[in-house]
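Working through the structure, step by step
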Amino acid sequence: MSDSRKRHEALLYHAKPKPGKIEVVPTKKYATQHDLALAYSPGVAEPCLEIEKDVNNVYKYTAKGNLVAVISNGTAVLGLGDIGPEASKPVMEGKGLLFKIFADIDVFDIEVDATDVDKFVETVKAIAPTFGGINLEDIKAPEAFEIERRLKEELDIPVMHDDQHGTAIISAAALKNALEINGKDISKVQIVVNGAGAAAISCTRLYLKLGVKRENVVMCDSKGVIRKDRDNLTSQKAEFATNKDVETLEEAMHNADVFIGLSMGNVVTPKMLLAMAKNPIVFAMANPDPEIGYDLAIDTRDDIIMATGRSDHPNQVNNVLGFPFIFRGALDVRATAINEEMKMAAVHALADLAKKSVPEQVNIVYDEVSLSFGKEYIIPKPFDPRLIYEIPPAIAKAAMDSGVALEPILDWDKYREELMERSGSGSKEIRLLHNRAKSNPKSIVFAEADHLDVLKAAQRVHEEKLGKPILLGRKELILELKEEIGFTADVPIIDPKTDEEEERRTRFGNAYWETRQRKGRTLSEAKKLMRERNYFAAMMINEGEADALVTGYSRPYPTVVKPMLELIERDKGVSRIAATNLMLTKQGPMFLADTTINVNPTAKDLAKICQMTSQLAKMFGMKPNVAMLSFSNFGSSNTETSRKIREAVSYIHRHFPHVNVDGEIQADFALNPEMLAKEFPFSKLNGKKVNVLIFPNLESANITYKLLKQVDKAESIGPIILGFSKPVHVLQLGASVDEMVNMAAVAVVDAQNKENRAKLKN
């Protein structure tokens, strides 16, 4: 992506459809005058009086207990430096977004126009009654140390400067595991820390608590090794000054066991790496460019354990593994602080989680056969769903054991269940989908690439490394549009109608005719059809000249599906294809089927749709719990539709007993566990979160998914076609760029899945 386009896209993202990244959403009803009278005057006086009697009631009657302030003065923002409070606001909003989507914590971002320590501290203390916790962010050192120290001393709510402690906690967990793998004694290892800012100081302090010896640490800044004979050292740098006879980073690296990089890119050379001790551990955490590139480091030494801050290599040290879950645990026991015991609990919990058997869901997301504890897996993956219910309990327990928890947890099983229910909206599923696509990108034919939005989607797919676009359409127009949007990458462009494609049209036409010659097609008709992009694109997939196909943006759905039905074979055992939409709802991800293909499916059709949708849910890393929907519940009506659903459920129970399905059932009972348990305790869906809905006919499914999109603003991925033997996917007419990008990612993951199945058969 060009710098100018990246800049434009980033600005547009923050400005539209409305400025900013977070908003305040009411949690109570407000439709009637009665509701408003409770929300405000006169009803609001009652909780006010209760809080006046006992200030702790503020946690009972307000949002304080789940509200964190992300506070900065903008003096040390990302790689931007001292840019001021207003300019730091987008970063603070972004941090708030991460708190919400990973740990369901609400955030107000507060930008303070104060560089003086006393003024900053007084400001934060004055607003602290609003919040259950305070996350300090992007404050320059050494002021950051004093600000955090004073606020922790003077406030009775959790305070943490994530720039210091987030990286420290995650890297300490990784270091603990790396040393265990290499069989090295933490009290004896020689460590070089390159960088002397807030993060580096905090990391090194935590390593000492983990067992590293101070005399075994050499810290460097931009001037070289921090020695005791250097003048004008800050108290923090003086804390780690050495008497060792070394002056430069290169000298310090000689025989070092561990390198910790919190500085700038490309400052470590292969020569330095080769000078390190046997089985070195290198955490090159500068972003976006590490102190030494991952591939270069691995090529230089085959005995290395390497970690970076990047997501495209193993062992990503990412703060999002820490701060959302640390604050979650602290808030849930009303901790008065985030103390050393809680930080160390996070270290051990993260380290221990990496040693546990990895759920198949995580393997699927990262396209791994089997992630297991070792040199390339020393720390959990950021998208590991276990983080939300493994880390907060460890923090909460440490808070209780160290005496800072005001509301101890009594039922740990119930607490874990509550944590499992806390998940972000569907954006999490999209991130997982994209992450899996990136793990093994496939070639994707965009059959309508001479439409601007389709080309924009192809550009995103290329730039985000989700897949390898092949552009079909009028070449001249595609080139003009590419220039218009700054799509400079050299990707294949094919115009099926041109003379240069005559040989391929002839070859495709002959292959197509062989399959359709007894179904009314002549050879000349077959060859003529190859001038049409959807026929040509489908034959590219059939002939192995591309891995996946996305089409349908500019034409009605039925007209696009028709050539696919003619050209693409069904999967084994599939007589009718179907389609499902993945709806990213406030209740979590949910598959709805069949939304676009089968008008009035039979009981056997519904059973097959159920089986195929369940398989797709597993491909997304979900455990399917399927409700077969109707207007009746478990035999309460004897209409033809109700009987059809019952027959389908009975058929599935007999022939596919591993599929967790029940019905017929009304939608509200399927989606409300309390109602279901009370009225139908015998249901196989009791105690399970329903995430697949099968509808009796096309009308009900299509209406429901479009209502959810418009009324609930639920994001949709799909329709995803089920039953084809090849990765072919048809968009809805006029799909948005985002929808096309997501469908392209689905097509890539589908291609990966089909490739893996083929390998297993062979």
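We now turn to the structure provided with this report. (Residues numbered from 1 in each chain as written. Predicted model: local features only at pLDDT ≥ 70, side-chain atom pairs only at ≥ 80, totals over all residues. Heavy atoms only, no water.)

**Some remarks on the overall build of the protein**
To keep it simple, the criterion reads: Runs of E in the DSSP output that reach at least two residues are strands. Runs of H or I that reach at least four are helices, and both are numbered from the N terminus. Based on C-alpha atoms, the radius of gyration is set beside the globule rule, defined as 2.2 Å times the residue count to the power 0.38. Each residue is placed in one exposure class: buried if its accessible area under a 1.4 Å probe, protein chains only, is under 20% of its type's maximum, exposed if it is over 50%, and partly exposed if it falls in between. Only heavy atoms enter the contact rule, under which two residues are in contact if any of them lie within 4.5 Å. All accessible areas in this document rest on Shrake-Rupley with a 1.4 Å probe, and a residue is counted as covered only by the protein chains that are shown. When charges are counted, neither His nor the chain ends are considered; positive counts come from Lys and Arg and negative counts from Asp and Glu. The location of each charge is read from NZ of Lys, CZ of Arg, CG of Asp or CD of Glu.
Per the secondary structure count, the protein includes 31 helices and 21 strands. Scaling as 2.2 N^0.38, a compact globule of 762 residues should have a C-alpha radius of gyration of about 27 Å, and the protein matches this with 29 Å. When the backbone C-alpha atoms are referred to their principal axes, the protein occupies close to 90 × 70 × 50 Å. In the protein, which comprises 762 residues, the proportion classed as buried is 54%. Within the protein, contacts between residues at least 6 apart in sequence are counted, and of these 70% link residues at least 24 apart. Surface accessibility of the protein: about 34,700 Å² in total, with carbon and sulfur atoms responsible for 52%. Each charge class in the protein can be summarised by its mean position, and for the 99 positive and 107 negative side chains these summaries are 5 Å apart.

**Some words on the pairing of strand β2 (residues 106-111)**
This is how the line gets drawn: Paired strands are those between which DSSP finds at least two bridges. Handedness rule for crossovers: strands pointing away from the viewer, path from the first strand over the helix to the second running clockwise, crossover right-handed.
Bridge analysis of strand β1 (residues 67-72) against β2 gives 6 bridges, and the strand direction is parallel. Within β2, the position partnered with Ile71 by the bridge is Ile110. Handedness of the β1-helix α5 (residues 85-103)-β2 crossover: right-handed.

**Thoughts on the sheet that holds strand β6 (residues 217-221)**
Test applied: Between the N-to-C directions of two axes lies an angle of 0 to 180 degrees, each axis being a line fitted to C-alpha atoms and, for a helix, fitted only over the stretch in contact.
Sheet architecture is open: 6 strands sit in the order β7-β6-β5-β8-β9-β10, paired in mixed fashion. Edge strands, defined here as strands with exactly one partner in the open sheet, are β7 (224-225) and β10 (305-308). As judged from the 4 bridges shared by strand β5 (residues 191-194) and β6, these two strands associate in the parallel manner. By the bridge assignment for β6, Asn194 is matched with Cys220. Those strands touched by helix α9 (residues 198-210) are β5, β6 and β8 (258-261), and its axis lies near 175° from that of β6.

**A look at a negative patch on the surface**
The following threshold applies: Like charges are joined within 9 Å and nonpolar side chains (Val, Leu, Ile, Met, Phe, Trp, Tyr) within 5 Å, but only among residues with over 30% relative accessible area and no salt bridge; these make up the patches. Salt bridges are defined by distance alone: a side-chain nitrogen of Lys or Arg within 4 Å of a carboxyl oxygen of Asp or Glu.
A contiguous patch of negative charge, built from Asp411, Asp413, Glu417, Glu418 and Glu421, is present on the exposed surface. Along the chain, Asp413 falls in helix α18 (residues 412-421).

**Focus: the sheet that holds strand β20 (residues 715-722)**
Strand order in the open sheet made by the 6 strands is β18-β17-β19-β16-β15-β20, with mixed pairing throughout. With one partner strand each, in any of the chains shown, β18 (660-665) and β20 form the two edges of the open sheet. Direction aside, neighbouring strands of the sheet carry axes that sit 20° apart on average.

**Some thoughts on the pattern of salt bridges**
If you walk through the whole model with that rule in mind, you get 48 salt bridges. Residues Asp118 and Arg150 are paired through a salt bridge, measuring 2.4 Å at the closest nitrogen-oxygen approach. Here Asp118 is found in helix α6 (residues 117-127), whereas its partner Arg150 is found in helix α7 (residues 143-154), with 32 residues between them in sequence. Of the residues examined, Arg150 reaches a relative accessible area of 14% and is grouped as buried. A salt bridge links Asp401 to Lys397; the nearest nitrogen and oxygen atoms lie 3.0 Å apart. Of this pair, Asp401 and Lys397 both sit in helix α17 (residues 387-401), 4 residues apart, which is roughly one turn of the helix. When salt bridges that share partners are traced, they join Asp118, Glu122, Lys125, Arg150 and Glu154 into one network.

**Digging into the state of the cysteines**
The condition that has to hold: We call a pair of cysteine sulfur atoms a disulfide whenever their separation is within 2.5 Å.
Inspection of the entire model under this criterion finds 0 disulfides. Among the cysteines around Cys203, which has no disulfide bond, Cys220 carries the closest sulfur, lying 15 Å off. Given a relative accessible area of 0%, Cys203 falls into the buried group.

**Looking at the packing of helix α8 (residues 162-182) against helix α15 (residues 340-355)**
In plain terms, the rule: Oblique is the label for any angle not under 35 degrees, not over 145, and not in the 65 to 115 range, which are roughly parallel, roughly antiparallel and roughly perpendicular in turn. Helix crossings fall into two classes, left-handed where the near helix is turned counterclockwise from the far one by less than a right angle and right-handed where it is turned clockwise. In the scheme used here, Gly and all other residues not listed as nonpolar or charged are polar, with Ala, Val, Leu, Ile, Met, Phe, Trp, Tyr, Cys and Pro taken as nonpolar and Asp, Glu, Lys and Arg as charged.
Look at α8 against α15: their axes get within 8 Å of each other, and the N-to-C directions meet at 45°. Taken together, the axes of α8 and α15 lie oblique to each other. In this structure, α8 meets α15 at a crossing whose hand is right-handed. The residues of α15 that touch α8, namely those facing His165, Ile169, Ile170, Ala172, Ala173, Lys176, Asn177 and Glu180, are Lys343, Ala346, Val347, His348, Leu350, Ala351, Asp352, Ala354 and Lys355. When its residues are assigned to classes, the contact of α8 with α15 shows 9 nonpolar, 3 polar and 5 charged.

**A closer look at the environment of Ser630**
The condition is simple: In protein, a polar contact means a hydrogen-donor-capable atom and an acceptor-capable atom, both N or O and within 3.5 Å, with residues adjacent in sequence counting only if both atoms are side-chain atoms; elsewhere, any N or O pair within 3.5 Å suffices.
Within the element layout of this structure, Ser630 appears in the loop between β17 (625-629) and α27 (640-655). Given the relative accessible area of 12%, Ser630 is considered buried. The sequence separation of Ser630 and Pro696 amounts to 66 residues, and the corresponding C-alpha distance is 6.6 Å. Aside from chain neighbours lying at most four places away, what touches Ser630 is Ser642, Ile645, Glu664, Ile665, Gln666 and Ala667. There is a polar contact of 3.4 Å between the side chain of Ser630 and the side chain of Ser632.

**Description of the pairing of β10**
Side-chain positions along a regular strand alternate between the two faces of the sheet. By the alternation rule, side chains of β10 split into Ile305 and Ala307 and Met306 and Thr308, which are all buried. In this structure, strand β9 (residues 281-284) lies alongside β10, joined through 4 bridges in parallel fashion. Bridge assignment links Val282 to a residue of β10, and that residue is Met306. In this fold, β9 hands off to helix α13 (residues 294-300), which returns the chain to β10; that crossover is right-handed.

**Observations regarding unusual backbone geometry**
The peptide bond linking Ala141 to Pro142 adopts the cis configuration, its omega dihedral lying at 5°. Within the secondary structure, Pro142 sits in the loop between β3 (133-136) and α7. With an omega dihedral of 5°, the bond running from Gly718 to Pro719 counts as a cis peptide bond. For Pro719, the position within the fold is in strand β20. Even without glycine at this site, Asp104 takes up a positive phi of about 60°. With respect to the helices and strands, Asp104 occurs in the loop between α5 and β2. With phi around 50°, Asn279 is a residue other than glycine that occupies positive phi space. Mapping Asn279 onto the fold places it in the loop between α12 (270-274) and β9.

**Points about the nonpolar core**
Rules: What we call a nonpolar core is a set of buried Ala, Val, Leu, Ile, Met, Phe, Trp, Tyr and Cys residues that are connected through their side-chain atoms within 4.5 Å.
Phe283, Met342 and Leu350 are the most contacted members of the largest nonpolar core, which has 84 residues in total. When neighbours within four sequence positions are excluded, Leu350 is seen to be in contact with Ile169, Ile170, Ala173, Leu321, Ile379, Pro380, Leu387 and Ile391. Ala548, Phe656, Leu722 and Met743 belong to the second-largest nonpolar core, a separate cluster that totals 66 residues.

**Concerning the packing of helix α24 (residues 533-542) against helix α25 (residues 557-567)**
Running from N to C, α24 and α25 cross one another at 35°; their axes reach a closest spacing of 9 Å. Viewed along their axes, α24 and α25 form a crossing whose handedness is right-handed. Facing Asn534, Tyr535, Ala538, Met539 and Asn542 of α24, the residues of α25 in contact are Val560, Lys562, Pro563, Met564, Glu566 and Leu567. The residue inventory of the contact of α24 with α25, partitioned by class, reads 7 nonpolar, 2 polar and 2 charged.

**Notes on the packing of aromatic side chains**
To keep it simple, the criterion reads: Aromatic pairing here means that ring centres of Phe, Tyr or Trp (its six-membered ring) are within 6.5 Å. Orientation follows from the plane angle: under 30 degrees is stacked, over 60 is edge-to-face, and everything else is tilted.
As enumerated under the stated definition, the model contains 11 aromatic pairs in all. Ring centres of Phe108 and Phe131 lie 6.1 Å apart, and the angle between their planes is 85°; this geometry places the pair in the edge-to-face category. With Phe108 in strand β2 and Phe131 in the loop between α6 and β3, the pair connects residues that are 23 residues apart, well separated along the chain. Judged by relative accessible area, which is 35%, Phe108 ranks as partly exposed. Judged by relative accessible area, Phe131 falls into the buried class, the value being 2%. On the basis of an interplanar angle of 75° and a centroid distance of 5.1 Å, the ring pair of Phe634 and Phe682 is categorised as edge-to-face. Separated by 48 residues along the polypeptide, Phe634 in the loop between β17 and α27 and Phe682 in the loop between α29 (673-679) and β19 (692-694) bring together distant segments of the chain.

**Quick notes on the environment of Ala458**
Tracing the sequence through the fold places Ala458 in helix α20 (residues 452-463). Remark: the alpha-carbon pair of Ala458 and Met740, spanning 282 residues in sequence, is separated by 8.4 Å. Among all residues touching Ala458, those that are not within four sequence positions of it are Phe446, Pro469, Leu471 and Phe487.

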